[in-house]
Every structure is written in structure tokens, then in C-alpha cells.
Amino acid sequence: MKQSERQEYEEITVNGITYRLSEEGGLRSALVVSCGDLEGVVVIPEEMEGHKVTGLAPYAFSAKRIAGLVLPVSLRSAGRYVFYRCFALERLIFCDTFTDIGAGAFTGCRLKELEIDFYQGEQSCLKFIVDEIRYALWATLRYHRLDGRVETAKVVFPEHYEEAVENTPARIVETHYHGAGGYYRQSFYNRELNFREYDALFPLALAQEDEEILADIAGYRLRFPYRLEKKAEENYFEYLAGHMKQAGRQSVAREDLDMLRFFGERKLWSREALNQAIETASEEKKLEALALLMEQKRNLFPGRRKTFDL
């Protein structure tokens, strides 16, 4: 094989992942072609033998059992059906450099969590992903500033789905939309999440979503108030203060100590809700959460001192 032909492409397999190495115009790049029977969280390196890993080939992870995937900052694109029938995939971490995703990329997936690091502004492929995923999706967005600061937002996109219903007398098929998720998926402009539009949808979500989703929407927007306007903050605070039993219960179940601390710092707990959270932590043997909640109870609701008449 001639040297020039060899440089067209070469495939190697490292740690169960097959890469296609190529060089064109002096640029050396690597494409993830496929992976073996990997499980758990898979981390794709930024370089492979001196080649920048820039893409995922079509069907590269289809029908695999990985639970999470961390993509490098060098990655730019993914081919069609790249995660086709990847049933176990729940978490995806990538940067705003990843912008080009082929059609049907998440067909058969039930992705739950996204983490995106922004270095070049606020545009990303988030809009494309939430449009492809009909299930509830939790997204953590980290905006890296030139001075080293990192501003974080965490948002929830509720589930949504369409149902074709036949109007029998008229023999007309009507499309019924369920859940507020479809509206939340429209709160983008030019591939940027519009936080004002996102927050304005909360009254609609109140009428269509369950307490678990609502508590997360409100809790995460308050805890990570990126571009949160005063009126929206008041709406979220009012809702959360009235539904602390649910919010406390799910935070204990997840062992989200930071969220539990936040509830205490903002004095969101009622005595009844805090007692229930303590009971839940005790029953489920969440010892760190239990210790934290007991401390909050002493600080927020100190017991009355006993007095004795002589």
C-alpha cells in the first residue's frame, strides 16, 4: 500500500471502540465507527494516535448497552441513527462544538439527562435533541466565561406525545397533544434557549404536569437562576413553598444534598414537610440526608425551652 493511500483511512480498535483515522489537507481526524459490548459510562477521547476525534459514524452505537456517553470538545458531528435502539442510554455529556446530528439519531432511546458545556456562546444542538426525545428530559447547561466563571442553568423539558383520535361521526382523524412538553420544546430562538419564554410556560405546566415534574422545574430554576426574572422567580417560589412535601421526598430519594441545603437556605420548609422528609430519609436509610435535615430542623424550628414554676 502506498503511503498516500494509507493516509486515506486506517481503522484501529482501542478499548472496544473502533476509530477510522484519516488525513486530508494536513488535517488528521478520527471517526468513531463502532463499539463493542461496552456497558456503563463510556468516555470518548479527544485524540486517537494524534488524530482529533471529530465525528461519530451512522449507527456507531446502535443497539449497544452503554448507560452514559461523554463526548470530547473536538467532536463536531454524529451520523444518522447513531444511537438507534440504544435502550440503556440515559445520560449524554458534550460541548457546544457538537452541532451536527443526523436524522433519527435518538430513535428508540429514552435519554433522561443532558449536560452541555458552552464555550462559544449559547447556541447548541439542544433544540434538535429535545425534539427527538418525547420523554421528560433534564438538561444541565454550563456557560464558561472568559474570566473563568461558570454560570449554570438546569431546566426540565416535560414529556409530550401526539395521539391520533378518530372523530367517528365525521370520520375525521384529529391529532391530540398531551403534556406541556411540546410547548417547552418551542422555547428556542436561533438554536439558543430563550429562558424568558421557558419560564413563561410554567402556568401552562401547572395545568398539565404532575407534581414531580413541577417541583423539579421550579426547584432547579430557583437553585440555578440563570436569566431568571423577578416575576418568574416569585411564581416558582410560591409553587415550591406550597409543595415541599413532594419536593423534599424526591430530593431525599435522589440523595440530592445540595437541593436539600438550598431548601433550608431559602427557608422553604414547613414544619410538616420537613418532618416528612426526615421520616422518608430515616425509612430509606439515607443517613447523610437525615443528618442534614435534622440540623435544618434544629435551626428552622427550634424547640421551646421548658420552664418550671417554683
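Note that this is a predicted model, so its numbers are computed, not measured.

Chemist: Account for the pattern of salt bridges, with residues named and values stated.
Modeler: If you walk through the whole model with that rule in mind, you get 27 salt bridges. With its nearest N and O atoms 3.6 Å apart, the salt bridge here joins Glu-47 to Lys-52. Assessed through its relative accessible area of 42%, Glu-47 is described here as partly exposed. For Lys-52, a relative accessible area of 34% translates into the label partly exposed. Between Glu-122 and Arg-145 there is a salt bridge whose closest N-O contact spans 3.9 Å. Of the two residues, Glu-122 is situated in the loop between β11 (113-118) and α2 (126-132) and Arg-145 in the loop between β12 (137-144) and β13 (150-157); the sequence distance between them amounts to 23 residues. Overall, the relative accessible area of 9% leaves Glu-122 in the buried class. For Arg-145, a relative accessible area of 26% translates into the label partly exposed.

Chemist: Let's hear about the pairing of strand β9 (residues 91-95): which residues, and what values?
Modeler: Buried residues dominate β9, accounting for four of its five residues. In this structure, strand β7 (residues 65-70) lies alongside β9, joined through three bridges in parallel fashion. Across the sheet, Gly-68 pairs through a bridge with Arg-91, a residue of β9. In this sheet, β11 lies alongside β9 in parallel orientation, the contact comprising five bridges. Pairing of Phe-94 across the sheet is with Ile-116, part of β11.

Chemist: How would you sum up the nonpolar core? Please name residues and give values.
Modeler: Ranked by internal contacts, the top residues of the largest apolar core, which has 91 residues, are Phe-61, Phe-83, Leu-141 and Phe-157. Setting aside residues no more than four positions away along its own chain, Phe-61 makes contact with Val-32, Cys-35, Ile-44, Leu-56, Ile-66, Leu-69, Val-82, Phe-83 and Cys-86.

Chemist: Give a detailed account of the packing of helix α6 (residues 211-223) against helix α9 (residues 257-265), specifying residues and quantitative values.
Modeler: The N-to-C vectors of α6 and α9 enclose an angle of 80°; their axes lie 11 Å apart at closest approach. Of the possible angle classes, the one that applies to α6 and α9 is roughly perpendicular. Contact with α6, carried on its side by Gly-219, Tyr-220, Leu-222 and Arg-223, involves Asp-258, Met-259 and Phe-262 of α9 and no other residues of that element.

Chemist: Tell me about the confidence of the model for the chain, and please be specific about residues and values.
Modeler: Within the chain, residue pLDDT values average 91, and 90% of them lie at 70 or more. In the model, residues 1-6 has pLDDT below 50 throughout and makes one contact with residues more than four positions away in sequence or in other chains.

Parameters at a glance
Residues numbered from 1 in each chain as written. Predicted model: local features only at pLDDT ≥ 70, side-chain atom pairs only at ≥ 80, totals over all residues. Heavy atoms only, no water. Salt bridge = Lys/Arg side-chain N within 4 Å of Asp/Glu carboxyl O. Buried < 20%, exposed > 50% of the residue type's maximum accessible area, 1.4 Å probe, protein only. Helix = DSSP H or I, 4+ residues; strand = E, 2+ residues; numbered from the N terminus. Pairing = 2+ DSSP bridges. Core = buried A, V, L, I, M, F, W, Y, C linked by side-chain atoms within 4.5 Å. Contact = heavy atoms within 4.5 Å. Axes fitted to C-alpha atoms, helices over the stretch in contact; angles between N-to-C directions. Parallel < 35°, antiparallel > 145°, perpendicular 65-115°, else oblique. pLDDT = per-residue confidence, 0-100.

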